[in-house]
Amino acid sequence: MIKINNLKKSYKQITVLDVPEMEIPEGQSFGLVGNNGAGKTTLLRIMLDLIRASEGEVLIDDDAVNNSEEWKNFTGSFIDEKFLISYLTPEEYFQFISKIRGVSKGDLDQHLNLFEPLFNDEIFGKKKYIRDLSKGNKKKVGVAAALLGDPKLVLLDEPFENLDPTSQIRLKKIIQQFQAEKSVTFVISSHDLNHVTEICERIVILDKGEIVKDIKVTERTLQELTDYFGEHAGI
Ligand SMILES: Nc1ncnc2c1ncn2[C@@H]1O[C@H](COP(=O)(O)OP(=O)(O)OP(=O)(O)O)[C@@H](O)[C@H]1O
């Protein structure tokens, strides 16, 4: 589903991402981990054509993302709050996204029902604009919108960040439901090694823009990741 060829991103001659080759097959849940500045968000942004690569390309279903609009019809994503429309209420925002994606009112209601426990009576009916929601609640709106309209591919940057522990567990369950029932391909960056090993079948570690490990998740993976980052901390 995703293919990367000779991808490089540099700022002022400093290379921050260098991925010669990588493939993410359809249906895979792919986790991206790495310390601050490793290049995770840069990679996600290039995959979504939000920034241009300095060299190389990302293909989604064989189309270069910077040369095609096709992939946008089946790709959902939430990178940060800039994806939201801050002067709308959450209700208005979901209606707006539904219109763009051709989601009926019935399907929107069904989708939002799934998120009711995660939203925890904090999102709807509060007469608040998105800009007035807490960071965690903005994240919930963004992730729910990314999953709206039956996307085949979903990219999420640190979806668990700013969520309370109960919400993290609820979000994990929702993602697992989309994996099992809808075979969505997920690309998820996270600093939470527990969550990422639980929801991903493959984890790539980025270090200074390079892939240093590409792991098929097993029951030993959490320990392997903990050991890897522990070594970096000198522990
Ligand atoms: N516009 C920019 N100009 C210069 N350098 C940039 C720019 N955007 C990103 N970088 C650099 O690229 C590198 C990778 O950043 P990136 O945000 O992708 O890391 P990350 O792995 O997502 O980090 P974090 O875990 O802190 O979110 C960093 O060194 C960052 O300073």
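Since the structure is predicted, the reported quantities are computational estimates derived from the model, not experimental observations.

Cut-offs used in this document
Residues numbered from 1 in each chain as written. Predicted model: local features only at pLDDT ≥ 70, side-chain atom pairs only at ≥ 80, totals over all residues. Heavy atoms only, no water. Domains from an automatic or database assignment. Contact = heavy atoms within 4.5 Å. Buried area = accessible area lost by both parts, 1.4 Å probe. Salt bridge = Lys/Arg side-chain N within 4 Å of Asp/Glu carboxyl O. Polar contact = N/O pair within 3.5 Å; in protein donor to acceptor, adjacent residues only side chain to side chain. Helix = DSSP H or I, 4+ residues; strand = E, 2+ residues; numbered from the N terminus. Nonpolar A, V, L, I, M, F, W, Y, C, P; charged D, E, K, R; others polar. Near = heavy atom within 4 Å. Areas by Shrake-Rupley, 256 points an atom, 1.4 Å probe, with all protein chains shown as cover.

## A word on the domain arrangement of the protein
Taken as a whole, the protein is organised into domain 1 (1–74 + 152–235) and domain 2 (85–151). Contacts between domain 1 and domain 2 engage 21 residues on the former and 15 residues on the latter. Taken together, the two surfaces of domain 1 and domain 2 that pack against each other cover about 1,500 Å², and 69% of this comes from carbon and sulfur. A per-residue breakdown of the area domain 1 buries against domain 2 is headed by Arg170, Ile174 and Phe178, which together make up 33% of the total. Here domain 1 and domain 2 share two salt bridges between them. One salt bridge connects Lys139 with Glu161, and the closest N-O pair in it is separated by 3.5 Å. Across the domain 1-domain 2 interface, the total number found is four residue pairs in polar contact (both at pLDDT 80 or more). Counting residues per element, the ones that place at least two in the side of domain 1 that touches domain 2 are β7 (153–157) and α6 (165–182). At seven residues, α6 tops the list of elements feeding residues into the side of domain 1 that touches domain 2. For the side of domain 1 that touches domain 2, the per-class residue count stands at 11 nonpolar, three polar and seven charged.

## Some thoughts on the site of the ligand
Neighbouring residues of the ligand: Tyr11, Val16, Asn35, Asn36, Gly37, Ala38, Gly39, Lys40, Thr41, Thr42, Glu158 and His191. Within the contact set of the ligand, an oxygen atom lies 2.8 Å away from a backbone nitrogen or oxygen of Gly37. One of the side-chain N or O atoms of His191 is found 2.8 Å from an oxygen atom in the ligand. Calculation on the ligand without its partners gives an accessible area of 640 Å², and the protein chains cover 57% of this total. Broken down by element, the residue count for the shell around the ligand peaks at three residues, all from helix α1 (residues 40–47). Residue composition of the shell around the ligand, by class: three nonpolar, seven polar and two charged.

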